[in-house]
Amino acid sequence: MRPGEKDGVDYHFVSAGAFEKMVAEGAFAEWAEVHGNRYGTALATLEEARAAGQDVLLDIDCQGAAQLKKNYRQGVFVFILPPDFQELRRRLVGRNTDSAEVIERRIANARGEIREAAWYDYIVVNDDFEQALAELKSIVLAEGCRSGRVLDGLKDVFEFGA
Ligand SMILES: Nc1ncnc2c1ncn2[C@@H]1O[C@H](COP(=O)(O)OP(=O)(O)OP(=O)(O)O)[C@@H](O)[C@H]1O
Ligand SMILES: Nc1nc2c(ncn2[C@@H]2O[C@H](COP(=O)(O)O)[C@@H](O)[C@H]2O)c(=O)[nH]1
């Protein structure tokens, strides 16, 4: 847990033992070790959102995204790129939450992750934040208008051809 992070707000923090038990029980839709820590998305969380008819936005690494890509065909995958490595380093240093060693590890990991960007559905370059946010919102809106999703949502109202 970083200084300032809160359990139940930033993440639901669990012990290493509890995490391993969840892995063994198949309780995660995906999980991965990222920057030396383990992270996972609980299946129950996705199921609750699905039952409530909510969209879910996951900020996860590309190992986890690859697992979801296999199992959730309706998922939409957006890779958020920094403008360049110099700016990424500047931002991580400016955040003032990680040691120099951790920052170098995160940058090295980013180099590996960026190679995976090619298989994502969309890429947003996070240079100007407002622009990047507008692009992400546009993707969410456009994906909501995909014919398959709209037809499915209106099948009790209209009769559509095959
Ligand atoms: N467009 C932006 N302009 C300026 N600063 C930004 C922008 N986007 C993010 N930042 C800042 O950069 C820092 C790192 O960003 P971010 O939270 O995306 O990293 P992270 O999630 O730790 O990275 P990773 O996903 O690789 O582990 C944060 O302090 C964030 O506020
Ligand atoms: N595969 C998953 N990756 C996750 C998950 N939650 C966060 N992350 C990724 O980890 C890093 C580090 O996050 P930070 O909050 O410590 O900076 C970042 O790349 C996240 O995208 C998850 O549940 N699964």
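Above this note sits the structure.
All values derive from a computational prediction rather than experimental measurement.

J.: So what's going on with the overall build of the protein? Residues and values would help.
T.: For the protein, the helix and strand inventory stands at seven helices and four strands. Seen in sequence order, the protein has helices and strands lined up from the N terminus as α-β-β-α-α-β-α-α-β-α-α. The principal-axis extent of the C-alpha atoms belonging to the protein is close to 60 × 40 × 30 Å. Here the analysis covers contacts within the protein between residues at least 6 apart in sequence; of these, 52% occur between residues at least 24 apart. When the 20 positive and 28 negative side-chain charges of the protein are each reduced to one mean point, those points stand 3 Å apart.

J.: How would you explain the site of ligand 2 if you had to name every residue and give the values?
T.: Around ligand 2, the structure places 14 residues, and the nearest of them are Tyr11, Glu30, Tyr39, Asp59 and Asp61. Between a nitrogen atom of ligand 2 and a side-chain N or O atom of glutamate 30, the distance comes to 2.7 Å. Note that an oxygen atom of ligand 2 is positioned 2.8 Å from one of the side-chain N or O atoms of aspartate 59. In isolation ligand 2 has 510 Å² of accessible area, and contact with the protein removes 85% of it. Elements that contribute at least two residues to the shell around ligand 2 include exactly strand E1 (28-34) and strand E2 (37-42). Of the residues that constitute the shell around ligand 2, the class distribution is five nonpolar, four polar and five charged.

J.: Explain the site of ligand 1 to me, using residue names and the numbers behind them.
T.: Surveying the vicinity of ligand 1 reveals the residues His35, Arg91, Leu92, Arg95, Arg106, Asn126, Asp127 and Phe129. Here histidine 35 contributes a side-chain N or O atom positioned 2.9 Å from an oxygen atom of ligand 1. If ligand 1 stood free it would expose 640 Å²; the protein chains cover 54% of that surface.

J.: Quick one: what's the story with the pattern of salt bridges, residue by residue and with numbers?
T.: One pass over the structure, following the stated rule, counts 13 salt bridges. Arginine 2 is the partner of glutamate 5 in a salt bridge, and the nearest nitrogen-oxygen pair spans 3.3 Å. For glutamate 5, a relative accessible area of 17% corresponds to the buried category. We classify arginine 2 as partly exposed; its relative accessible area is 22%. Two residues, arginine 38 and glutamate 20, come together in a salt bridge whose shortest N-O distance is 3.4 Å. Of this pair, arginine 38 sits in strand E2 while glutamate 20 sits in helix H1 (residues 16-24), and the two are 18 residues apart along the sequence. A relative accessible area of 32% means that arginine 38 is categorised as partly exposed. One salt-bridge network, held together by shared partners, links Arg2, Glu5, Arg95 and Asp98.

Reading the values: the criteria
Residues numbered from 1 in each chain as written. Chains lettered and ligands numbered in written order. Predicted model: local features only at pLDDT ≥ 70, side-chain atom pairs only at ≥ 80, totals over all residues. Heavy atoms only, no water. Helix = DSSP H or I, 4+ residues; strand = E, 2+ residues; numbered from the N terminus. Contact = heavy atoms within 4.5 Å. Lys, Arg positive; Asp, Glu negative; His and termini not counted. Charge placed at Lys NZ, Arg CZ, Asp CG, Glu CD. Near = heavy atom within 4 Å. Polar contact = N/O pair within 3.5 Å; in protein donor to acceptor, adjacent residues only side chain to side chain. Areas by Shrake-Rupley, 256 points an atom, 1.4 Å probe, with all protein chains shown as cover. Nonpolar A, V, L, I, M, F, W, Y, C, P; charged D, E, K, R; others polar. Salt bridge = Lys/Arg side-chain N within 4 Å of Asp/Glu carboxyl O. Buried < 20%, exposed > 50% of the residue type's maximum accessible area, 1.4 Å probe, protein only.

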